[in-house]
Amino acid sequence: MQSLLTLWTAYFNICRFQLKPQDLPYSKVLLGFTLFFYFVINVVLSLLRFPIFYALLSTIVDIVLLIILTSSLLYFAHYSARIIQTLIALAGAGCVFGILSIPLMYWLEFYRDVELGIPVLLVLGLGGWNLAVYAHVLRHSLAVPFVVAVTLGFVMFLLNFSVLIQIAPLAK
């Protein structure tokens, strides 16, 4: 239990811009563990909008795209040695944001017919924070300026979104 708390703290500190991906251990086991939890959290979130088949499919595609896009960026920038730690950082941050967004998404789903400004603003705020964390991780992994990292993070988001929208319907 203590190691899970330590791991959660590390991921949360990445989201608070206090740790960099290179501060995480290089461990394929930790990557697998983190991707498993990333998978579970994203399936829970996807089940709000999709039937089980599309929730599983969209989560698997999301993880595959995360791995392919991140690995490609690092490979072409000649930083292949940083792939594992970068993926751990991105998936770990994704777990943090997923856990934080679960209550907000259920709030939005439960009060679907009511106009809600606060949860929508909170979800948008989490999205902006998530983009900033992606940029933080990419900036340190690729050794590029923050503006370039924000652009790369946004492009990765758009690519991911455009692929996911093709394979899953918009809502239940």
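Residues numbered from 1 in each chain as written. Predicted model: local features only at pLDDT ≥ 70, side-chain atom pairs only at ≥ 80, totals over all residues. Heavy atoms only, no water.

Account for unusual backbone geometry, naming residues and giving values.
In this model, F17 sits at a positive phi of 65°, which is unusual for a non-glycine residue. Along the polypeptide, F17 turns up in the loop between α1 (2–15) and α2 (28–46). F17 sits in the partly exposed class, given a relative accessible area of 39%. (Helix = DSSP H or I, 4+ residues; strand = E, 2+ residues; numbered from the N terminus. Buried < 20%, exposed > 50% of the residue type's maximum accessible area, 1.4 Å probe, protein only.)

Tell me about the packing of helix α4 (residues 83–110) against helix α5 (residues 118–142), and name the residues and values.
Two elements in contact, α4 and α5, have axes whose closest approach is 10 Å; the angle formed by their N-to-C orientations is 180°. Between α4 and α5, the angle is such that the two are roughly antiparallel. Residues T86, A89, L90, A93, F97, L100, S101, L104, M105, W107 and L108 of α4 form the contact with α5, whose participating residues are I118, P119, V120, L122, V123, L126, W129, N130, V133, Y134, V137 and S141. Looking at the contact of α4 with α5, its residues break down into 19 nonpolar, four polar and no charged. (Axes fitted to C-alpha atoms, helices over the stretch in contact; angles between N-to-C directions. Parallel < 35°, antiparallel > 145°, perpendicular 65-115°, else oblique. Contact = heavy atoms within 4.5 Å. Nonpolar A, V, L, I, M, F, W, Y, C, P; charged D, E, K, R; others polar.)

Outline the state of the cysteines, listing residues and values.
On inspection of all chains with the given rule, the structure shows zero disulfides. With no disulfide of its own, C15 has C95 as its nearest cysteine by sulfur position, at a separation of 9.6 Å. The buried category is assigned to C15, whose relative accessible area is 0%. (Disulfide = S-S within 2.5 Å.)

Tell me about helix α6 (residues 146–167), residues and numbers included.
Under the 1.5 Å per step criterion, the end-to-end length of α6 is 32 Å for 22 residues, consistent within 8% with the ideal 32 Å. Three or more residues of α6 are buried, namely A149, G153, M156 and N160. Considered in projection along α6, the buried side chains sweep an arc of 60° and stay on one side of the axis. Seen from the open side of α6, the exposed residues pointing more than 90 degrees away from its buried face are V147 and Q166. Among the structural elements, α3 (52–76) and α5 are those in contact with the buried residues of α6. (Expected span 1.5 Å × (residues − 1). Arc of directions from axis to C-beta.)

Describe in detail the side chain of S46, supporting the description with residues and values.
Of note, S46 is situated in helix α2. Residue S46 is classed as buried on the basis of its relative accessible area, which comes to 13%. With residues up to four places along the chain from it excluded, the contact list for S46 reads A55, S58 and T59.

Please set out the environment of Y11 residue by residue, giving values where relevant.
Along the chain, the position of Y11 falls in helix α1. Y11 sits 81 residues away from G92 along the chain, and the two C-alpha atoms are 5.3 Å apart. A distance of 2.5 Å separates a polar atom in the side chain of Y11 from a polar atom in the side chain of T34. (Polar contact = N/O pair within 3.5 Å; in protein donor to acceptor, adjacent residues only side chain to side chain.)

Any chance you could break down the layout of surface pockets for me, citing the residues and the numbers?
The calculated volume of the largest pocket comes to roughly 1400 Å³. Along the walls of the largest pocket sit 36 residues, with N42, N130, F157, F161 and L164 positioned nearest its centre. Of all the secondary structure elements, the ones that give two or more residues to the lining of the largest pocket are α2, α3, α4, α5 and α6. Looking at which element gives the most residues to the lining of the largest pocket, the answer is α6, with eight residues. (1 Å grid on protein atoms, 1.4 Å probe; cavity = no way out; pocket = protein on both sides within 12 Å on 5 of 7 lines; lining within 4 Å. Points joined across faces, edges and corners; volume = space filled by probe spheres on them.)

Without other data, these values stay purely geometric and don't point to any function.
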